[in-house]
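# Secondary and tertiary structure notes
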Amino acid sequence: MAKSKASADGDTVIIKKYANRRLYDTERSCYITLEDLGTMVRDGREFSVVDAKSGEDITHNVLTQIIMDEETRGETLLPVNFLRHLIGMYGDKMQSMVPQYLEASMTAFRKNQQDVRSALEGALGANPLAELTRRNMEMFQQAAGAFIPGAGGSKAKDAEIAALKAEVAELKAELAKKK
């Protein structure tokens, strides 16, 4: 098997998909799974999936399959009404604008998410309860991880969330006393 490690930009890993549905990571020279590709996405690793026989870029199809697998496992992220609206856009005159709009919306969402995290860390870092706040931030991030596909929700996560809510309530009460 040829070892075409990365594309011309040097940062994109080439994944070859064979007729037997196996995926081959040309950078690490090993076979991988769709779950591995999901991990690569979450880690921010760029990759391109090509059909090993035809050389056709099938990244879109594979990413869609990863979403389908996550949604099937009960890790639903896409609400039914959103899916209905999305399906309704196929064939619509505005269809060509939808991908750019969705991409811009997701970029804005991620930027806002990062801004909120930074603001919380900045505002809470100067507080005398900084250590308690740091632990609460860690618990908040773990709780938020329950909403990321692949992180998996469980009774243990629910208990963590309940404990986090209780600690936040305690913090609010302590802060109210100090004011």
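For the structure itself, consult the block above.
## Comments concerning the side chain of T59
Mapping T59 onto the fold places it in helix α2 (residues 59–72). At a separation of 2.6 Å, a polar atom in the side chain of T59 contacts the side chain of D57. Contacts of T59, omitting those with residues within four sequence positions, involve F47, S48 and V49.

## Comments concerning helix α3 (residues 80–89)
Within α3, only zero of the ten residues are buried, which leaves the element largely exposed. Looking one or two residues beyond α3, the residue adopting positive phi is G91, at roughly 85°.

## Some words on the pattern of salt bridges
By the definition in use, this model includes five salt bridges. Ionic pairing is found between E27 and R45, a salt bridge with its closest N-O pair at 2.5 Å. In this pair, E27 is assigned in the loop between β2 (23–25) and β3 (30–32) and R45 in the loop between α1 (34–42) and β4 (47–51), connecting sequence segments 18 residues apart. With a relative accessible area of 33%, E27 lands in the partly exposed category. We note a salt bridge from R73 to E70, for which the minimum N-O separation is 3.4 Å. The class for E70 is buried, based on a relative accessible area of 9%. Salt bridges here are not isolated pairs; linked through shared partners, they connect E35, E70 and R73.

The rules behind these values
Residues numbered from 1 in each chain as written. Predicted model: local features only at pLDDT ≥ 70, side-chain atom pairs only at ≥ 80, totals over all residues. Heavy atoms only, no water. Helix = DSSP H or I, 4+ residues; strand = E, 2+ residues; numbered from the N terminus. Polar contact = N/O pair within 3.5 Å; in protein donor to acceptor, adjacent residues only side chain to side chain. Contact = heavy atoms within 4.5 Å. Buried < 20%, exposed > 50% of the residue type's maximum accessible area, 1.4 Å probe, protein only. Salt bridge = Lys/Arg side-chain N within 4 Å of Asp/Glu carboxyl O.

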